[in-house]
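Topology and contacts: notes
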Amino acid sequence: MPTTTLLVADTINNTVTSKSRELAGVACVLAPDAPESAVYVLAGEYIVQAGQGLCQTTGLGAIALEGPDFRFPNPEALASAVCSLPELETARHICFLHTPGGCQVAAKVAVKIGAACISAVENIRFESDQIILKRAFLNGKLKMETRPGTERVVMTIMPGGFAAPKSVDQGPSEPRIEQRQTDAAVRDERYTPCTLTKTPEADTGLDKAAIIVAAGRGIGDEDNIDIIHSLARTLPNAAVAASRPLCDMKWLPYAHQVGITGKTVAPRLYIACGISGAQQHVQGMKDSQCIVAVNTDPNAAIFSVADYCIVEDLTLFIPAFIKAYQAFLSWAYGGGRHR
């Protein structure tokens, strides 16, 4: 069966990222009657072993591009290698994860083959055999459906937008994975990644917290971080999180970041303070049991996923809430309710 869909996985240091399994969910939507027509593309220095695990759990085949230039992220080299694949000739859909590297490679591949490039896709449907792609824009305030103008489509997929398929038991048969060696011809001579270092992370408590108080750029001023910490100290088993813009401004360390490029959390209560609701952040917290959003913008996208929406200045609301909450605790545990 000819390859109709290429799923280019995110790999780093000879491992496949967990989010790459979700691309198999995309393949099931694109070809529900023949998901086996989709093939993974993996790149690494020694990536075959990691590819075997991916193939065994998804039931799909894979092409393993091996070479020293793929041990570390190298979008230029990966784009050249993907464009040289003979399977690209028959592929109608070429899918990447919506990450900085994935977007860079997707754009280069789309230009090379003359295909439409649609980014941040979070839903796919068909209308009269024509593909319709749904994506968010304006920080998630609006949703847009797009009908590509070319038969072949390159797309970047929002992590969390498609469920990874359940693990497939292939029995004793070996997974279908084809190993292909690459050479220096795909190397970008302008730079060569040579090492990676991992920054030690402090224990933020986000993984174990029952309540997470998250701050976004809408808190206004760095000094207002103290208000967020005060609320977290007031509530039981609470931790402080942040959106990426706040971490980019160095107001909180990246260890506190929630979102696609940060942590994925699902606490009992998530309080979003001054967070606009961009999809990159929402994908990291949308599975929280209860979401409370505090924002001065009544049209903020975060309100579309929140269970309780509070349109108010957080510098006024949070101190007032803390005062009322502490008064309630004093009344409840000080005997006031029994009088």
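Cut-off values and rules
- Residues numbered from 1 in each chain as written.
- Predicted model: local features only at pLDDT ≥ 70, side-chain atom pairs only at ≥ 80, totals over all residues.
- Heavy atoms only, no water.
- Helix = DSSP H or I, 4+ residues; strand = E, 2+ residues; numbered from the N terminus.
- Buried < 20%, exposed > 50% of the residue type's maximum accessible area, 1.4 Å probe, protein only.
- Contact = heavy atoms within 4.5 Å.
- Areas by Shrake-Rupley, 256 points an atom, 1.4 Å probe, with all protein chains shown as cover.
- Lys, Arg positive; Asp, Glu negative; His and termini not counted.
- Charge placed at Lys NZ, Arg CZ, Asp CG, Glu CD.
- Pairing = 2+ DSSP bridges.
- Axes fitted to C-alpha atoms, helices over the stretch in contact; angles between N-to-C directions.
- Patch = residues over 30% accessible without salt bridge, like charges linked within 9 Å, V, L, I, M, F, W, Y side chains within 5 Å.
- Salt bridge = Lys/Arg side-chain N within 4 Å of Asp/Glu carboxyl O.
- Phe/Tyr/Trp six-rings, centres within 6.5 Å; stacked < 30°, edge-to-face > 60°.
- 1 Å grid on protein atoms, 1.4 Å probe; cavity = no way out; pocket = protein on both sides within 12 Å on 5 of 7 lines; lining within 4 Å.
- Points joined across faces, edges and corners; volume = space filled by probe spheres on them.
- Nonpolar A, V, L, I, M, F, W, Y, C, P; charged D, E, K, R; others polar.
- Parallel < 35°, antiparallel > 145°, perpendicular 65-115°, else oblique.
- Left-handed = near helix turned anticlockwise from the far one by under 90°.

**Looking at the overall build of the protein**
Each helix and strand counted, the protein has eight helices and 16 strands in total. Relative to its 339 residues, the protein shows a buried fraction of 47%. Considering only intrachain contacts with a sequence separation of at least 6, the fraction spanning at least 24 residues in the protein is 64%. Surface exposure of the protein reaches about 17,100 Å², of which carbon and sulfur atoms provide 51%. The average position of the 30 basic charges and that of the 34 acidic charges among the side chains of the protein differ by 5 Å.

**Brief notes about the sheet that holds strand β8 (residues 130–137)**
With mixed pairing, nine strands are arranged side by side in an open sheet as β9-β8-β7-β10-β6-β1-β4-β5-β11. Each edge of the sheet is formed by a strand with only one pairing partner; in this case those strands are β9 (142–146) and β11 (177–181). Each strand of the sheet is rotated relative to its neighbour by a mean of 35 degrees, with strand direction disregarded. Summarising the sheet, strand β1 (residues 5–8) and strand β6 (residues 93–97) pair through four bridges and their orientation is parallel. Across the sheet, Val8 pairs through a bridge with Phe96, a residue of β6. Packed on one face of the sheet, helix α2 (residues 48–58) meets β4 (38–44), β5 (61–66) and β11 and runs near 155 degrees to β11.

**A short note on a negative patch on the surface**
Taken together, Asp221, Glu222, Asp223 and Asp226 make up a surface patch of like negative charges. For Asp226, the position within the fold is in helix α5 (residues 225–234).

**So, helix α1 (residues 22–30)**
Most of α1 is tucked away, with seven of its nine residues classed as buried. Among the residues of α1, those classed as buried are Glu22, Leu23, Ala24, Gly25, Val26, Ala27 and Leu30.

**Describing unusual backbone geometry**
For Ala120, which is not glycine, the phi torsion reads 55 degrees and is therefore positive. Turning to its location among the elements, Ala120 is positioned in strand β7 (residues 116–127). For Ala120, a relative accessible area of 9% corresponds to the buried category. Positive phi values are uncommon outside glycine, yet Asn237 reaches one of about 50 degrees. With respect to the helices and strands, the residue Asn237 is situated in the loop between α5 and β13 (238–242).

**Remarks on the sheet that holds strand β16 (residues 308–311)**
Spatial strand order, β13-β12-β14-β15-β16: five strands in an open sheet with parallel pairing. Each edge of the open sheet is held by one strand with a lone partner, namely β13 and β16. The sheet shows a mean angle of 15 degrees between the axes of neighbouring strands, taken without regard to direction.

**Some words on the packing of aromatic side chains**
Following the criterion strictly, the structure yields three aromatic pairs and no others. Arranged with centres 5.9 Å apart and planes meeting at 15 degrees, the rings of Phe321 and Tyr325 form a pair that is stacked. Pair noted here: Phe321 and Tyr325 are both in helix α8 (residues 314–333), with a separation of four residues, about one helical turn. Members of the aromatic cluster, connected to one another through ring pairs, are Phe317, Phe321 and Tyr325.

**What about the layout of surface pockets?**
In this structure, the largest pocket occupies an estimated 1,500 Å³ of space. Lining the largest pocket we find 44 residues, and of these Asp10, Ile12, Thr17, Pro73 and Thr261 sit closest to its centre. The leading source of residues in the lining of the largest pocket is helix α4 (residues 100–113), at four residues. Partitioned by chemical class, the residues of the lining of the largest pocket number 22 nonpolar, 14 polar and eight charged.

**Some details on the packing of α5 against α8**
Relative to each other, α5 and α8 sit at 20 degrees, their axes nearing to 10 Å. The orientation of α5 with respect to α8, classified from their angle, is roughly parallel. For the pair α5 and α8, the crossing hand works out as left-handed. Residues Ile227, Ile228, Ser230, Leu231 and Thr234 of α5 touch α8, and the partners they reach there are Leu314, Thr315, Ile318, Pro319, Phe321, Ile322, Tyr325 and Gln326. Across the contact of α5 with α8, the residue classes tally to nine nonpolar, four polar and no charged.

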